[in-house]
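Coordinate inspection notes
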Amino acid sequence: MEPSELDDWAAAAAAAVDASIQPGDVAAILDLARDAAHGVARPAAPLTTFIAGIAVGQGRPLSAVIAALDAAIAARSAS
């Protein structure tokens, strides 16, 4: 799938649930999923992005949520 197709899908999916997506969000979420998959375990990728979505839905900025989750992943990987 081409990046533009993924961006199109993300926009359509966001519209389907009356949400908005900002430029750069797709790449940031995919990077978070990759980090969780490699730093914790593959099944952690969708779970981690779901948790990120909950936090953003509660009003936290995506960048802060990703930073906190990346720190948690790094801590887990270091142990």
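Described in the following lines is the structure provided in the data block. Position numbers for residues count from 1 along each chain, tracking the sequence in the order it is written. Side-chain atom pairs in this predicted model are given and counted only at pLDDT of 80 or more, local residue features only at pLDDT of at least 70, and totals for whole chains, interfaces and linings cover all residues. Hydrogens and water molecules were not included; the side-chain quantities draw on all heavy atoms of the structure.

**Topic: the overall build of the chain**
Rule in force here: Starting at the N terminus, helices and strands are each numbered in turn, a helix being any DSSP run of H or I of at least four residues and a strand any DSSP run of E of at least two. Every radius of gyration here is taken over C-alpha atoms, with the globule rule written as 2.2 Å times N^0.38, N being the number of residues. Residue exposure (1.4 Å probe, protein chains only): buried if accessible area is under 20% of the type maximum, exposed if over 50%, otherwise partly exposed. Contacts are assigned to residue pairs with any non-hydrogen atoms lying within 4.5 Å of each other. Throughout, the Shrake-Rupley method with a 1.4 Å probe supplies accessible areas, and for residues the shown protein chains are the sole cover considered. In this charge count, Lys and Arg are treated as positive and Asp and Glu as negative; neither His nor the chain ends contribute. Charge coordinates come from a single atom per side chain, which is NZ of Lys, CZ of Arg, CG of Asp or CD of Glu.
A count of helices and strands for the chain gives four helices and zero strands. Here the C-alpha atoms of the chain give a radius of gyration of 13 Å, agreeing with the 12 Å that 2.2 N^0.38 yields for 79 residues. Dimensions of the chain, computed from the C-alpha atoms along their principal axes, are close to 40 × 30 × 20 Å. Counting the 79 residues in the chain, one finds 23% classified as buried. Sequence-distant contacts, at least 24 apart, represent 43% of the contacts inside the chain between residues at least 6 apart. When the accessible surface of the chain is summed, it comes to about 5,400 Å², and 62% of that surface belongs to carbon and sulfur atoms. Averaging the coordinates of the 4 positive side-chain charges in the chain and doing the same for the 9 negative ones gives two points 16 Å apart.

**Observations regarding the packing of helix α3 (residues 44-57) against helix α4 (residues 62-78)**
Put simply, the rule is: For helices, the axis comes from a line fit to the C-alpha atoms of the stretch in contact; other axes are also lines fit to C-alpha atoms, and the angle between any two N-to-C directions lies between 0 and 180 degrees. Roughly parallel covers angles under 35 degrees, roughly antiparallel covers those over 145, roughly perpendicular covers 65 to 115, and oblique covers all other angles. Whether a crossing is left-handed or right-handed is set by the direction in which the near helix is turned from the far one by less than a right angle, anticlockwise for left-handed and clockwise for right-handed.
Where α3 contacts α4, the axes come no closer than 9 Å and their chain directions differ by 140 degrees. Compared by their axis directions, α3 and α4 come out oblique. Between α3 and α4 lies a crossing whose hand is right-handed. Across from T48, I51, A52, A55 and V56 in α3, the residues of α4 making contact are L62, V65, L69 and I73.

**A look at the nonpolar core**
The cut-off we apply is this: Among the buried residues, those of types Ala, Val, Leu, Ile, Met, Phe, Trp, Tyr and Cys that are joined through side-chain atoms within 4.5 Å form a nonpolar core.
If you look at the biggest cluster of nonpolar residues, it comprises ten residues: L32, A36, A44, A52, A55, L62, V65, I66, L69 and I73. Secondary structure elements with two or more residues in this core: α2 (25-39), α3 and α4. Top element by residues in this core is α4. It accounts for five residues.

Such coordinate-based values are descriptive only and should not be taken to indicate function.
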